[in-house]
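# Notes for the structure review
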Amino acid sequence: MPGAGKHKTPMVTKMIELKPEAMVGKGLHRECYVHPDNPNRCIKVVVLRGEEETRREQAYYKFLQKRQITWEMLPQFYGVEPTSIGPGAVFDLVRDANGEVGKTFEYYFESADLTAQNIEGLISALQALKTYLFSQNIITMSIKPKNIIYQRQDEHTGTAVIIDNIGNSDAIPLASYCRTFGKIKMTRKWHKFIALLQKDYPENSLLQAQLANKLVK
Ligand SMILES: Nc1ncnc2c1ncn2[C@@H]1O[C@H](COP(=O)(O)OP(=O)(O)OP(=O)(O)O)[C@@H](O)[C@H]1O
Ligand SMILES: [Mg+2]
């Protein structure tokens, strides 16, 4: 009998069942769920035309893994697992010190009260994020407040974690390989990010004062 005696154990790949109540967020292209086997990881599934972005993101993650960067402000990527609604990309899930899933800077900046209650931490987290991206030469597409989580420690401190839109879509991605080009590109991206905050939250006067004063330029 062909194959007799080989006796292979069949590979069983467990299909992960994603339940609607486990969803923690949804963007234009992807839904994000708490991993049912690990409360500190999330699974992201493309639900609308995001395959190209996903491919670029995963390729860029591989590149960063090879470079052995530090991951203080970027969730680690743990590969792709099959789920009940399609292939799911597994990342660290960002949680605040109190255990709740972290909220985005968009969420904080949309509220004058939340901004005021957390202003010190929000601003220093953004300054630290800028330093981190530049020092590790991490390249991003456009930087947006909906794609950065404020991982709140307490009323004075927290960390900015960038959860989406990293990578480089240039045909010849010099900025990824050469720090000088990386710095030029990221300076431009960062200035655009600040301009976006100025445009999108004109009524958040405390934020605007911080942008005009010390921040982030
Ligand atoms: N690692 C994470 N930790 C906590 N929450 C997350 C994480 N990743 C994503 N989220 C939540 O899920 C939402 C959607 O995720 P994500 O931004 O990756 O989706 P997207 O469809 O690619 O977004 P976009 O609309 O920017 O293209 C986020 O806005 C955030 O609320
Ligand atoms: Mg997003």
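Scroll up to find the structure.
Heads up: these notes are all about the structure in this document.

Definitions and limits used
Residues numbered from 1 in each chain as written. Chains lettered and ligands numbered in written order. Predicted model: local features only at pLDDT ≥ 70, side-chain atom pairs only at ≥ 80, totals over all residues. Heavy atoms only, no water. Helix = DSSP H or I, 4+ residues; strand = E, 2+ residues; numbered from the N terminus. Buried < 20%, exposed > 50% of the residue type's maximum accessible area, 1.4 Å probe, protein only. Donors = N, O, S within 2.8 Å, 3.2 Å for Na, K, Ca; no water. Polar contact = N/O pair within 3.5 Å; in protein donor to acceptor, adjacent residues only side chain to side chain. Contact = heavy atoms within 4.5 Å. Bend = angle between axes of the 7 residues up to and from the residue. Near = heavy atom within 4 Å. Areas by Shrake-Rupley, 256 points an atom, 1.4 Å probe, with all protein chains shown as cover. Nonpolar A, V, L, I, M, F, W, Y, C, P; charged D, E, K, R; others polar. Domains from an automatic or database assignment.

### Here's the deal with unusual backbone geometry
Here Arg49, not a glycine, exhibits a phi torsion of approximately 40°, which is positive. Summarising the element assignment, Arg49 is placed in the loop between β3 (38-46) and α1 (51-67). Judged by its relative accessible area of 63%, Arg49 falls in the exposed class. A positive phi angle is found at Asn137, which is not glycine, with a value near 50°. By the secondary structure assignment, Asn137 is in the loop between α3 (112-135) and β7 (148-152).

### Concerning the coordination of the magnesium ion (ligand 2)
Octahedral metal centres with six donors ideally show angles of 90 or 180 degrees, and tetrahedral centres with four donors ideally show 109.5 degrees. The magnesium ion (ligand 2) binds to the protein through Asn147 (OD1) and Asp164 (OD), with metal-donor distances spanning 2.1 to 2.2 Å. Taken together, the positions of Asn147 in the loop between α3 and β7 and Asp164 in the loop between β8 (158-162) and α4 (174-177) put the pair 17 residues apart, joining distant regions of the chain. Of the residues examined, Asp164 reaches a relative accessible area of 25% and is grouped as partly exposed.

### Observations concerning the side chain of Lys44
Within the secondary structure, Lys44 sits in strand β3. Of note is the side chain of Lys44, whose polar atom sits 2.9 Å from the backbone oxygen of Ile163. Non-local contacts of Lys44, meaning those with residues more than four positions away in its chain, are made with Arg30, Glu31, Cys32, Pro87, Gly88, Ala89, Phe91 and Ile163.

### Section: α3
Because an α-helix packs 3.6 residues into every turn, residues spaced three or four apart end up facing the same way. Asn118 marks the point of greatest bend in α3, at about 80°. If you check which residues of α3 are buried, you get Thr115, Asn118, Ile119, Gly121, Leu122, Ile123, Ala125, Leu126, Leu129, Tyr132, Leu133 and Phe134. Of the residues flanking the start of α3, the one acting as N-cap is Ser111, its side-chain oxygen 3.3 Å from the backbone nitrogen of Asp113. Just downstream of α3 lies Asn137, where phi reads positive at about 50°.

### Here we look at the site of ligand 1
Inspection of the region around ligand 1 gives 19 residues, with Leu28, His29, Arg30, Lys44 and Asp164 positioned closest. At 2.8 Å from an oxygen atom of ligand 1 is found a main-chain nitrogen or oxygen belonging to His29. Between ligand 1 and Lys146, the relevant distance is 3.0 Å, taken from an oxygen atom to a side-chain nitrogen or oxygen of the residue. Out of a free accessible area of 620 Å², ligand 1 has 91% covered by protein chains. Going through the elements one at a time, β1 (23-26), β2 (30-35) and β3 are the ones with two or more residues in the shell around ligand 1. A per-class count over the shell around ligand 1 returns 8 nonpolar, 5 polar and 6 charged. In terms of domain composition, the shell around ligand 1 takes at least three residues from each of domain 1 (20-92) and domain 2 (103-212).

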